[in-house]
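Okay, here's what each chain looks like letter by letter:
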Amino acid sequence: MSTEQQEQDRQDQQDQGQGQGQEQERPGGAGEFAPLVEEVRKFATALGGKAVEIGGRLRESNPEVYGHLAAAGGELLAAYRAAVAGHERRWSAPQHAGSERVDLDGAAEASDK
């Protein structure tokens, strides 16, 4: 068994131990989605491990390609952060600029008369 596999097995055992403790802390247990959540967690862990493995091979065999992909990933992350920051500014603003309050209830009463 490789060192990476041993480390992954150890991490899985720790995660399972933590998950069991969390189930006991929650009122009513983990609920009906606990098996699904556990499977998604396992899938994400396996996918992350494969990504690290493939990234390592790519870095060794094609360092120029790896560099371009890393730079592209950084640019995508910066774009995401900028988009989120823009939304957060709009959400936390006291009033939305350029918006007008329309009283729909008052308009309905006026048209009934």
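Residues numbered from 1 in each chain as written. Predicted model: local features only at pLDDT ≥ 70, side-chain atom pairs only at ≥ 80, totals over all residues. Heavy atoms only, no water.

(A) Molecular detail of the overall build of the chain. Within the chain one finds 4 helices and 0 strands. Looking at the chain residue by residue over its 113 residues, the buried ones come to 3%. On the chain, roughly 10,100 Å² of surface is accessible, and the fraction owed to carbon and sulfur atoms is 55%. (Helix = DSSP H or I, 4+ residues; strand = E, 2+ residues; numbered from the N terminus. Buried < 20%, exposed > 50% of the residue type's maximum accessible area, 1.4 Å probe, protein only. Areas by Shrake-Rupley, 256 points an atom, 1.4 Å probe, with all protein chains shown as cover.)

(B) Examining the pattern of salt bridges more closely. Taken as a whole and assessed by the stated rule, the structure comprises 4 salt bridges. With its nearest N and O atoms 3.8 Å apart, the salt bridge here joins K50 to E53. Here E53 and K50 lie together in helix α2 (residues 34-61), a separation of 3 residues that amounts to about one turn. For E53, a relative accessible area of 29% corresponds to the partly exposed category. Beyond isolated ion pairs, a larger network of salt bridges with shared partners links K50, E53 and R57. (Salt bridge = Lys/Arg side-chain N within 4 Å of Asp/Glu carboxyl O.)

(C) Highlighting the confidence of the model for the chain. For the chain, mean pLDDT is 76; residues scoring 70 or higher make up 63% of the total. Every residue in residues 19-29 is under pLDDT 50, and counting partners more than four places away or in other chains gives 2 contacts. (pLDDT = per-residue confidence, 0-100. Contact = heavy atoms within 4.5 Å.)

(D) Representation of the packing of α2 against helix α3 (residues 63-92) within the structure. At a minimum axis distance of 5 Å, the contact between α2 and α3 shows a crossing angle of 125°. If you check the angle between α2 and α3, you find them oblique. Facing G55, L58, R59, E60 and S61 of α2, the residues of α3 in contact are P63, V65, Y66 and L69. Of the residues contributing to the contact of α2 with α3, the split by class is 5 nonpolar, 2 polar and 2 charged. (Axes fitted to C-alpha atoms, helices over the stretch in contact; angles between N-to-C directions. Parallel < 35°, antiparallel > 145°, perpendicular 65-115°, else oblique. Nonpolar A, V, L, I, M, F, W, Y, C, P; charged D, E, K, R; others polar.)

(E) Region of the structure containing a nonpolar patch on the surface. Nonpolar side chains collect at one region of the surface, where F33, L36, V37 and V40 lie side by side and expose about 410 Å² of accessible area between them. Mapping F33 onto the fold places it in the loop between α1 (3-25) and α2. The exposure class assigned to F33 is exposed, which follows from its relative accessible area of 51%. (Patch = residues over 30% accessible without salt bridge, like charges linked within 9 Å, V, L, I, M, F, W, Y side chains within 5 Å.)

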